[in-house]
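These are the residues of each chain, in order.
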Amino acid sequence: MRVAFVGKGGSGKTTLSALFARHLARSGAPLVAIDGDINQHLAHALGLDEDAGDTFGAPPLSARTGEIKDHLRGTNPRIVSRAAMVKTTPPGRGSRLLRLLGDDEIHTRHVQRVDGVPLMVTGAFDESDLGVACYHSKLGAVELYLNHLVDGPGEYVVVDMTAGADAFASGLFTRFDMTFLVVEPTRKSVSVYRQYREHAAEFGIPIAVVGNKVTGEEDLLFLKEHVGDDLLAYCVQSSYVRAQEQGREQGELEAHNLHALTQLKDAVDARTKDWATFQRHAVEFHLRNAAAWANDATGHDLAAQVDPGFRHGPEALAAAGSGGGPAESGSGSAESGAPSTVSF
């Protein structure tokens, strides 16, 4: 299951992403964590020690977007070149599908374990990007990865997303089975929650609120008043987290906060994977992007990249073979080499 942590800047979404990823890893669950925030701090929240000179050794996904495109498009005849493949290009017959932590060049090149958590990073927004690029261009590699991943039962992808409602600036927000919105007991944080709720409701995206930095009954009552039934769990102010942030001996995570992480996992596990909706959203946002900018940018009609005979999910992965190679079959009568335009 794919899980996103979103929220106002400073709400603690990176901290909760790290705590949740560690919680899953220590339970023995297969997972990959991804730092998709413009401020790349997830590795350090997981335990990479800046003061000791520790660095994340695997290359960021955004540094090899071209190679990632080449790998994922495989032998798909609808994608004529790397340049014609954009971040929203959905897989079709001939595309390479991925297993979580499979023996493919994306996982083998880009994953590094930090405190037992397999982590991939998007890459920082550096000086050369200023004035000429937006951070969402770097997130394109993450969107392609999630578009081509077939995650199974008991497997998890945990993504620390960009702050604020900015996460809705691309179709990436539809790539998740559950979105946890981290909300502090403040009016500003609640206003971000309201923006998220409206956007998510428009597309039927499931969200749940995780209250954070709760110091007492007044904070909890404030959250209940403004968030209502969306409040799934809450975390209290954590001396464990503060010790980690200050580089001190951490001890054990508070029992209440540990219970909150268990509540999050239970909520994710209760979700049913909906591959049909996942594919419908992928196609919808690809067609939107094609019409808005991608056709002009690439010089191709990218609606032709949609394969109406492809059905995403475990069956497509099985057809691709145990190595996660090109997907060669799918239900439907369309010929794999005959481009067509569909609309939803």
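Per chain, the residues get numbers from 1 upward, laid out in the order the sequence is written. Predicted model: local features are reported for residues with pLDDT of at least 70 only, side-chain atom pairs are reported and counted for 80 or more only, and whole-chain, interface and lining totals are derived from all residues. Each side-chain value is derived from all of the structure's non-hydrogen atoms; neither hydrogens nor water enter the calculation.

Chemist: Looking at this model, I keep getting lost on the sheet that holds strand β8 (residues 178-183). Mind explaining?
Modeler: Backbone hydrogen bonds hold the strands of a sheet together, and the pairing may be parallel or antiparallel. In this description, strands pair whenever DSSP reports at least two bridges between them. Secondary structure elements are defined from DSSP: runs of H or I of at least 4 residues count as helices, runs of E of at least 2 residues count as strands, and each element is numbered from the N terminus. With mixed pairing, the eight strands of this open sheet are ordered in space as β4-β5-β2-β7-β1-β8-β9-β10. Where the open sheet ends on each side, the last strands, each with one partner, are β4 (112-114) and β10 (231-236). The average undirected angle you get between the axes of adjacent strands in this sheet is 30°. Contacting β1 (2-7), β2 (31-35), β5 (117-121), β7 (156-160), β8, β9 (207-214) and β10, helix α1 (residues 13-26) runs over the sheet at an angle of about 165° to β7. Fitted lines through C-alpha atoms give the axes, limited to the stretch in contact for helices. The angle between two N-to-C directions lies from 0 to 180 degrees. It only takes one pair of heavy atoms within 4.5 Å for two residues to be counted as in contact.

Chemist: Where do I start with helix α6 (residues 187-203) in this structure?
Modeler: An α-helix turns once per 3.6 residues; consequently, residues spaced three or four apart project the same way. Take the number of residues in a helix, subtract one, and multiply by 1.5 Å to get its expected span. Between the first and last C-alpha of α6 there are 25 Å, a value that for 17 residues agrees with the 24 Å anticipated at 1.5 Å per step. Relative accessibility decides the category of a residue: with a 1.4 Å probe and only protein chains considered, values under 20% of the type maximum give buried, values over 50% give exposed, and everything between is partly exposed. Turning to α6, its buried residues are S189, V190, V192, Y193, Y196, A200 and F203. In an axial view of α6, the angular spread of the buried residues amounts to 150°, which keeps them on one side of the axis. In α6, the exposed positions angled more than 90 degrees off the buried face are occupied by R187, K188, E198, A201 and E202. Packed against the buried residues of α6 are β1, β8, β9, α7 (217-227) and α10 (275-298). Directly beyond the C-terminal end of α6, a positive phi value near 65° is found at G204. This arc describes the spread of directions from the helix axis toward the C-beta atoms.

Chemist: Would you mind showing me how to read helix α5 (residues 140-148) here?
Modeler: Among the nine residues in α5, nine count as buried, and that is most of the element. Turning to α5, its buried residues are G140, A141, V142, E143, L144, Y145, L146, N147 and H148.

Chemist: In this structure, what is going on with the nonpolar core? I would like to understand it.
Modeler: Within soluble globular proteins, side chains that are nonpolar generally end up buried alongside one another. Ranked by size, the top nonpolar core spans 45 residues in total, and within it I34, I106 and Y145 carry the most contacts. For this core, the element with the most residues is α6, which contributes six residues. For Y145, the contacting residues outside a window of four places in its chain are V32, I34, L72, L98, L100, I106, H107 and M120. Listed in part, the 39 residues of the second largest apolar core include V3, F20, L31 and V117. To form a nonpolar core, buried Ala, Val, Leu, Ile, Met, Phe, Trp, Tyr and Cys residues must be joined to one another through side-chain atoms within 4.5 Å.

Chemist: Would you mind going over the packing of aromatic side chains with me for this structure?
Modeler: Ring pairs (aromatic) are described by centroid distance and by the angle formed between their planes. Pairing of aromatic rings covers Phe, Tyr and the six-membered ring of Trp, with a centre-to-centre limit of 6.5 Å; geometry is then stacked below 30 degrees between planes, edge-to-face above 60, and tilted otherwise. In the structure shown here, the tally under the stated rule is seven aromatic pairs. With 5.4 Å between their ring centres and 45° between their planes, F5 and F180 make a pair best called tilted. Placement of the pair is F5 in strand β1 and F180 in strand β8, with a sequence separation of 175 residues. Each member of the pair, F5 as well as F180, carries the same accessibility label: buried. Between the aromatic rings of F173 and F285, the centroid separation amounts to 5.7 Å while the plane-to-plane angle is 85°, which identifies the pairing as edge-to-face. Of this pair, F173 sits in the loop between β7 and β8 while F285 sits in helix α10; the two residues are 112 residues apart in sequence, bridging distant segments of the chain. Taken together, the aromatic side chains of F5, F20 and F180 make up a single cluster linked through ring pairs. Comment: the charge-over-ring label is applied if NZ (Lys) or CZ (Arg) is within 6 Å of the ring centre and within 35 degrees of the ring normal. The ring of W275 has K273 lying over it, and the distance from NZ or CZ to the ring centre is 4.8 Å. The aromatic ring of F285 is capped on one face by R288, whose charged end is 5.0 Å from the ring centroid.

Chemist: Would you mind showing me how to read the pairing of β2 here?
Modeler: Walk down a regular strand and you will see the side chains alternate between the two sheet faces. Within β2, five of the five residues are buried, which leaves it mostly tucked inside the rest of the structure. Residues of β2 alternate between two faces, with L31, A33 and D35 on one and V32 and I34 on the opposite face, all of them buried. Two strands pair when backbone bridges link them, and β2 and β7 are joined in this way by five bridges, in the parallel orientation. Bridge assignment links D35 to a residue of β7, and that residue is D160. Taken together, the three bridges between β2 and β5 define a ladder with parallel strand orientation. Opposite I34, over in β5, you have M120 as the bridge partner.

Chemist: Where do I start with unusual backbone geometry in this structure?
Modeler: What is expected of a backbone is that most residues other than glycine have negative phi and most peptide bonds are trans. The residue L101 is not glycine, and still its phi comes out positive at about 55°. Even without a glycine there, the phi angle at K213 is positive, about 65°. Among the secondary structure elements, K213 is positioned in strand β9. Of the residues examined, K213 reaches a relative accessible area of 28% and is grouped as partly exposed.

Chemist: How should the environment of F5 be read in this particular structure?
Modeler: Overall, F5 belongs to the buried group, its relative accessible area being 0%. Setting aside chain neighbours within four positions, we find F5 in contact with K13, L16, S17, F20, V158, V159, D160, M161, F180, V182 and L264.

Chemist: Can you help me understand the pairing of β1 in this one?
Modeler: With six of six residues buried, β1 is to be regarded as a mostly interior element. Alternating residues of β1 divide into R2, A4 and V6 and V3, F5 and G7, and every residue in both groups is buried. In terms of strand pairing, β1 meets β7 through four bridges, oriented parallel. Looking at the pairing, F5 lines up with D160 of β7.

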